[in-house]
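Letter by letter, the chains look like this.
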Amino acid sequence: MAVNEASPGAANTALPNYVPPPLPPSIGYSLKRLFLGKPLVTDQLKDEKLSNRVALGVLSPDAISSSAYGTEVVLVELLPYAALASFALLLPITAAILCILVLVAAAYCQVVMTYTKAGGSYVVARDNFGPRVAQVAAAALMIDYVVTVAVQAAAGTVAVVSAIRILGPYSLEITVGIVLAMCFVNLRGLKEAGRPFAVPTYFFIVMMTTMIVTGVVRHLIWGLPKYDPTTIVGAVPVEHGDGLILGATVLVLLRAFANGGASLTGVEAISNTVGAFHEPAGRNARKVIVVMASVLFFLLAGVAFLACATYATPYTAGYPSVLSEIARAVFGSSMVGHVLYALVQIATALILFTGANTSFNGFPALANFVSEDRFLPRQLAKRGHRLVFSNGIILLTVLSVALLIGTGGSVSALVPFYAIGVFTGFAMAGFGMAKHHHREHGDGWRHKFAICLTAGVVSTIVVLIFAIAKFTEGAWLVVVIFPILVFLLMRLNREYRAEAAILESIRGGGPLEDYQRLRVLVLVASLDLASLEALRYGRGLEADEFTAVHFNIDEAHTELLLTKWVHYGLQTPLRIIECPDRRLIRAAQELVVAEANQQPGTMVTLLLPRRSYAPLIGFFLHDRTADRIARAVSRMPFAVATIVPYDVRSKIRQTFPDRFEERITRELEKVQSRVEGKPEGQRPATTPQVIALGNLVSGLQATVEGEVLRVEDKVRDGEPLRIVVLGDDSGELNVLFNNGRGVDLAVGQQLRMTGKARQTGTRAMFLEDPAVTVLGEPA
């Protein structure tokens, strides 16, 4: 049967009311819908305004929860060198940290009054120093968010295993599981707004206040029990010292102070979401910052005081925590004491996990800001299935889990990665606001300038202290990664700006040239549906000359192509060009040059059929010749290369509907329907894709058409067996009918059959008991 090149589209054009078949969801989309739920539309994206009370609970857990481990990481550094004198050194170090807290909070109060939509160190640095310098703040904040997830989740696990010590050996696994669970719920569109997320913060504040007040009262009136750090099995090693100086070198003090700086993480969280407050947003945000800083001040001071009063000691295994030991000493061993102790641990775990979860909103939002400024890949600015920045959430999860595994999930090991990013952000915000006040000269600008400049200078000093004092304990990695990350951000921006310079400079491109002639060439590697689709598309371009071209690199293959071309009666002329060196890209370029040079003012369009396969398997099984040729030809000013895609993957799914992937997809759809409480619907019926008999695949169901050539009747195992031989242009096929089926079939009939092809050993492919439709009777 002869066909021309327009035959692939003839079926569609012949139907006046043609309705395209429904597109079944891919297995990837079915999995996404099953795990993430129904997709949300853009109109469902809403910003919820927060009251001050709710905002304090929602936006401050990262900062307030750091009081749970801030004192402990200071003692971890002091005890091996200063012995019991460490508890005397703890209070002055804590006092220095609290002074910095007051200074930083005062600076951020000015940030939220100036930037009432979105603040934070990145926006402040961008507006005052430009987008390039702001990448220092961006890099710092991204590192901070990654480490925040790791530290807060690890500290939350410590709170759990401190109360349930049997879980201690599995701390890392628990922490990684918690982070993965956070990733999952955030991919489903978890919103950190509303009362549920404020509960852990207030619960923690109440329990910590109860513990501190009870502890101070007991200490002043009855006295608190004291631990003996030198006799506790598993405690951090304690060296014997007799004074504040013996064993406590300046370097040790600086390292302890640097560790304690981790207590100030999350102070800037409120400035990142000023727009979420009710009007006046700036004033409300400032009030919440003051309250948050006051609460953090009280908790840090209270925990440090009780640690000194009880000699609570950290353990080398990381658990039980210092906070847990303080709570045991304060509440005692009575029934009420055990209950209060358990409530403290529950509140600590909840707020730490909530604090870790804040990064899953902060990091993707920051990545979105930076990518919109063209310093990060655009993929990070795209909202996903549930209107969240899915790529940012996944990236944050991967990095934080890698960090947890690399450090063993130890809070003490993670702290060296922490404060550099935190205080770099503080420094950028301080210096940025100082420049803003110096430039604007607003009311009381000198006073505000002094506060912000001091905050920037002090934060910079802390960064230097941390980089030097903690360099050998892991800070070297941040010191190395930080400039590399800033360089990469700059490099990405330069690439984006170079692309924009080409794509957006319409006026600089000169007048558009009108070509007098159009020559269209279709590169044909083999005659198949993809090539026929390209030929059909090319005939619609109304070119002055339209030609198919084949580069001859295999004589036998070229002869077969010419035979098929004549057999199917294709009217498009086919040129054979010798390519003995097999340099297809070079041959395509020379062909285009030759065609363009035949006559001035000629535009050459090269059409390249591209067959699209499954992403992973197709990458290994097929090359990308069409893409490489298109890139090379597109560099030529008088030529255009056009890819004509043909989706082989969808045709495979339509032709072989019982493949493993399709069965999995159908089962996932059923599960999803049950999850959503909907009745299990049937897929819309689709017209089966008919394939040639010679293209059947053993083990896969397919639909074929052909003419009955022969009919034979036999007996197998005592049962009647009818063998129908079906034929088409590609060959013959044996069709077996058992138990008297197929008796109404006769030679010359045109049949359509649907069944599963089988092949045993060297035996030819056959169908057994297929579904049969008679298309035509013998002539």
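Residues numbered from 1 in each chain as written. Predicted model: local features only at pLDDT ≥ 70, side-chain atom pairs only at ≥ 80, totals over all residues. Heavy atoms only, no water.

Novice: Which residues make up the sheet that holds strand β3 (residues 574–578), and what are the values?
Specialist: On the basis of which strands lie adjacent, the open sheet formed by five strands has the order β3-β2-β1-β4-β5 and parallel pairing. Looking at which strands have only one partner, the edges of the open sheet turn out to be β3 and β5 (639–647). If you compare each strand with its neighbour and ignore which way they point, the axes differ by 30° on average. Examined bridge by bridge, strand β4 (residues 602–612) and β5 share nine bridges and lie parallel to one another. Residue pairing across strands places Ser612 opposite Asp647, the latter belonging to β5. Packed onto the sheet, helix α20 (residues 529–539) meets β1 (517–523), β2 (545–552), β4 and β5 and runs at close to 150° relative to β4. Helix-sheet contacts for helix α22 (residues 584–597) involve β1, β2, β3, β4 and β5, and the interaxial angle to β4 is about 150°. (Pairing = 2+ DSSP bridges. Helix = DSSP H or I, 4+ residues; strand = E, 2+ residues; numbered from the N terminus. Axes fitted to C-alpha atoms, helices over the stretch in contact; angles between N-to-C directions. Contact = heavy atoms within 4.5 Å.)

Novice: So, α22: which residues are in play, and what are the values?
Specialist: With 14 residues, α22 ought to run about 20 Å at 1.5 Å a step, and its terminal C-alpha atoms sit 20 Å apart, in line with that. Elements in contact with the buried residues of α22: β1, β2, β3, β4, α24 (625–634) and β5. (Expected span 1.5 Å × (residues − 1).)

Novice: Report on the confidence of the model for the protein, specifying residues and quantitative values.
Specialist: Interpretation of the predicted coordinates at a detailed level should be avoided for regions scoring low in pLDDT. Mean pLDDT over the protein: 79, with 81% of residues reaching 70 or higher. Scored below 50 in pLDDT, residues 1–16 makes 22 contacts in the model with residues more than four places away or belonging to other chains. Segment residues 241–247 is flagged for pLDDT under 50; beyond a separation of four residues in sequence, or across chains, it makes 11 contacts in the model. (pLDDT = per-residue confidence, 0-100.)

Novice: An account of the nonpolar core is requested, with residue identities and associated values reported.
Specialist: By size, the foremost hydrophobic cluster in this structure holds 158 residues, and its most contacted members are Met211, Ile326, Val411 and Phe423. Tallying contributions element by element places helix α8 (residues 131–163) first for this core, with 20 residues. If we skip the residues at most four places from it in the chain, Met211 touches Leu306, Leu323, Ile326, Ala327, Val330 and Phe331. The next biggest cluster of nonpolar side chains, apart from the first, holds 20 residues, and it includes Leu521, Leu523, Phe551 and Val604. (Core = buried A, V, L, I, M, F, W, Y, C linked by side-chain atoms within 4.5 Å. Buried < 20%, exposed > 50% of the residue type's maximum accessible area, 1.4 Å probe, protein only.)

Novice: Could you give an account of the packing of helix α6 (residues 85–114) against helix α17 (residues 419–440), with specific residues and numbers?
Specialist: Each packed pair of helices is defined by two parameters, the angle between the axes and the distance between the axes. Running from N to C, α6 and α17 cross one another at 55°; their axes reach a closest spacing of 10 Å. Between α6 and α17, the interaxial angle falls into the category oblique. Crossing of α6 against α17: the hand is left-handed. Residue-level contacts link Ile100, Val104, Tyr108, Gln110, Val111 and Thr114 of α6 to Phe423, Gly425, Phe426, Ala429, Met433, His436 and His437 of α17. (Parallel < 35°, antiparallel > 145°, perpendicular 65-115°, else oblique. Left-handed = near helix turned anticlockwise from the far one by under 90°.)

Novice: Outline helix α21 (residues 555–567), supporting the account with residue identities and numerical values.
Specialist: In this model, α21 (13 residues) spans 18 Å end to end at C-alpha, consistent with the 18 Å of a helix rising 1.5 Å per residue. Of the residues making up α21, those classed as buried are Thr558, Leu561 and Trp565. For α21, the buried positions fall inside an angular range of 60° around the axis, keeping them on one side. For α21, the exposed residues set more than 90 degrees away from the buried face come down to Ala556 and Val566. (Arc of directions from axis to C-beta.)

Novice: I'd like a description of the environment of Ala329, backed by residues and values.
Specialist: For Ala329, the position within the fold is in helix α13 (residues 322–331). The spacing of Ala329 and Thr310 is 19 residues in sequence and 7.1 Å in space, taken between C-alpha atoms. For Ala329, the contacting residues outside a window of four places in its chain are Arg218, Leu224, Pro225, Tyr227 and Thr310.

Novice: Report on the packing of aromatic side chains, specifying residues and quantitative values.
Specialist: In the structure shown here, the tally under the stated rule is four aromatic pairs. On the numbers, 4.4 Å between centres and 10° between planes, the contact of Phe87 with Tyr311 is stacked. Residue Phe87 is located in helix α6, and its partner Tyr311 is located in the loop between α12 (281–310) and α13; the two are separated by 224 residues in the primary sequence. In this structure Phe87 comes out as buried when scored by relative accessible area, which is 3%. On the accessibility criterion, Tyr311 (21% relative accessible area) is partly exposed. Ring centres of Trp445 and Phe449 lie 6.2 Å apart, and the angle between their planes is 65°; on these two criteria the pair is classed as edge-to-face. Separated by four residues within a single helix, Trp445 and Phe449 lie in helix α18 (residues 445–469), roughly one turn from each other. Taking the relative accessible area as the measure of exposure, Trp445 reaches 14% and is therefore buried. Cluster of aromatic residues (ring-pair linked, three or more members): Tyr108, Phe423 and Phe426. Stacked on the ring of Tyr311, the Lys or Arg Lys226 has its end atom at 4.7 Å from the ring centre. (Phe/Tyr/Trp six-rings, centres within 6.5 Å; stacked < 30°, edge-to-face > 60°. Lys NZ or Arg CZ within 6 Å of the ring centre and 35° of its normal.)

Novice: Outline a positive patch on the surface, supporting the account with residue identities and numerical values.
Specialist: A surface patch of positive charge is lined by Arg283, Arg286, Lys287 and Lys448. If one sorts the elements of the positive patch by residue count, α12 sits on top with three residues. You can see Lys287 is positioned in helix α12. (Patch = residues over 30% accessible without salt bridge, like charges linked within 9 Å, V, L, I, M, F, W, Y side chains within 5 Å. Areas by Shrake-Rupley, 256 points an atom, 1.4 Å probe, with all protein chains shown as cover. Salt bridge = Lys/Arg side-chain N within 4 Å of Asp/Glu carboxyl O. Lys, Arg positive; Asp, Glu negative; His and termini not counted. Charge placed at Lys NZ, Arg CZ, Asp CG, Glu CD.)

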